[in-house]
Amino acid sequence: MEGVKIREVRVIGVKVPRKAVWSLQRGTIPTHSTFTLVKLTTEDGVTGWGEATIPFPTIKPLIETYLVDLVKGQNPLDIEHFHDRLDRVEMMVMERLGFWNPARAAVDIALHDLKGKYLNVPVWRLLGSRYRDRVPMVKNVGVGDVQSSVETAVRLREEGYGTVKMRVGADTELDVARMKAIYERLGPDIRIRADANQAWTVKTAISIIRRFEQYGLESIEQPLKRWDIAGARRVIEAVNAPVMADEGFWTADEAMLLMQNGAVNILHLYLSKCGGLYPAAQIVKLAKAFDVDVTLGERLPLGICEAADAHFAAALPELKYPCAIAYDLNEHDLLVKPLERSRGTLHVPEGPGLGIEVDEEKVAFYSREESA
């Protein structure tokens, strides 16, 4: 295996329609998953797949210009070396790390898929141990009226979800009424996570969170602007519900800054934003040192990234908060066999690497849609 080398790197943009959308306080999510896939092929014909859940036109030229030369001709088992080399190039071009994280993630996931196949082990084994074979998930209750919010929460509870994520920040009194109505209808049968997506000031956040808390609030996600570290610490000191950072960090340095300043209780980690499995694992180690919890999210991933998230979640020693990694809203996940789901959980794939088979006919079809 020491002589194994990557022969070919393909970068593929796809545009997959979504079956439904929901609204945040700042607008409605896109109608398509316009994402980037990376396919690595070794000299002996083994393939590994990766995915970046960020709009394709911004990523494909970046990977082709800077990342292809860093992996082509290299041993796919040397994942840490890839990140070291990319760090040097990104620092030279951008003068700081993090901007290229989605592109980095697509290649990193493909390298892990390859490495698992060569070693004949699942990706979770490359990350350590498997602590669970099913990953608890949370699903969204988008911005809306009281009745539709309750109806969505009731349906999700019937499907087996123990937590819903309610999008808030557009209308304070309506948000409180929605939270209250869901709590009164479902009580302790379901937990409610509120996601403000950076909507509030410190004063407003403290006031609203305190009102939410009487209705069984599980946590509050990104209540303030991502840069307001001092404000996040003030919110944490003033409320009981744990505060979750999402938009507030991409890199280990940014996560460290939040934790050093007591400005976060939970890190909502995205593989695409954080640079893939290897950098994300470094963030988890830092979080453990600061006694900060970690959970996972993703931007409506297709099947490749969804599988990577499932393996990563399986390897987390602690997972107190369900993951926002599988929404079932894409028209197709680009897999021959979709990942299995049951009662609000995502099953961790079996088999070497990511444990999936990519449907290359569907990839070709949706890549034509993107180029049209």
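All values reported here derive from a predicted model rather than from experimental measurement.

Caption draft 1: Layout of empty space enclosed by the protein. Enumeration over the complete set of coordinates arrives at 1 cavity of 30 Å³ or more. Roughly 110 Å³ of internal volume is contained in the largest cavity. Taken together, 15 residues form the lining of the largest cavity, with Gln222, Ala232, Ala245, Leu258 and Ala263 sitting closest to its centre. Secondary structure elements with two or more residues in the lining of the largest cavity: helix H8 (229-238) and strand E11 (243-245). The dominant element in the lining of the largest cavity, judged by the number of residues it contributes, is E11, at 3 residues.

Caption draft 2: How the structure looks around the packing of aromatic side chains. Taken as a whole and judged by the stated rule, the model has 4 aromatic pairs. Ring centres 6.3 Å apart and planes at 55° place the aromatic pair Trp200 and Phe212 in the tilted group. Of this pair, Trp200 sits in the loop between strand E9 (191-195) and helix H7 (202-213) while Phe212 sits in helix H7, and the two are 12 residues apart along the sequence. Note on Trp200: relative accessible area 6%, which makes it buried. Above the ring of Phe99, the side-chain terminus of Arg96 is found at 4.9 Å from the ring centroid. A cation over an aromatic ring shows up here: Lys362 above the ring of Phe365, its NZ or CZ 5.9 Å from the ring centre.

Caption draft 3: Local environment of the sheet that holds strand E15 (residues 345-347). Read from one edge of the open sheet, 3 strands run E6-E15-E14, paired in antiparallel fashion. Since the sheet does not close on itself, it has two edges, and those belong to strand E6 (134-136) and strand E14 (341-342), each with one partner. With 2 bridges connecting them, E14 and E15 associate as antiparallel partners. Paired with Ser342 across the bridge in E15 is Thr345.

Caption draft 4: Focus on the layout of surface pockets. Taken as a whole, the largest pocket encloses approximately 680 Å³ of empty space. In terms of lining residues, the largest pocket is bounded by 26 residues, among which Ala281, Val284, Lys285, Leu316 and Pro317 are the most central. Contributions of two or more residues to the lining of the largest pocket are made by helix H2 (79-94), helix H3 (101-119), helix H4 (123-127), helix H11 (277-289) and strand E13 (293-297). Of the residues forming the lining of the largest pocket, the biggest block, 8 residues, is contributed by H11. Each residue belonging to the lining of the largest pocket can be placed in one class, and the counts come to 16 nonpolar, 2 polar and 8 charged. As for the second largest pocket, its lining consists of 27 residues, of which Leu24, Arg26, Ile29, Pro30 and Arg299 are closest to the centre. Looking at the lining of the second largest pocket, the elements with two or more residues in it are strand E3 (27-28), strand E4 (32-42) and strand E8 (163-167).

The rules behind the values
- Residues numbered from 1 in each chain as written.
- Predicted model: local features only at pLDDT ≥ 70, side-chain atom pairs only at ≥ 80, totals over all residues.
- Heavy atoms only, no water.
- 1 Å grid on protein atoms, 1.4 Å probe; cavity = no way out; pocket = protein on both sides within 12 Å on 5 of 7 lines; lining within 4 Å.
- Points joined across faces, edges and corners; volume = space filled by probe spheres on them.
- Helix = DSSP H or I, 4+ residues; strand = E, 2+ residues; numbered from the N terminus.
- Phe/Tyr/Trp six-rings, centres within 6.5 Å; stacked < 30°, edge-to-face > 60°.
- Buried < 20%, exposed > 50% of the residue type's maximum accessible area, 1.4 Å probe, protein only.
- Lys NZ or Arg CZ within 6 Å of the ring centre and 35° of its normal.
- Pairing = 2+ DSSP bridges.
- Nonpolar A, V, L, I, M, F, W, Y, C, P; charged D, E, K, R; others polar.

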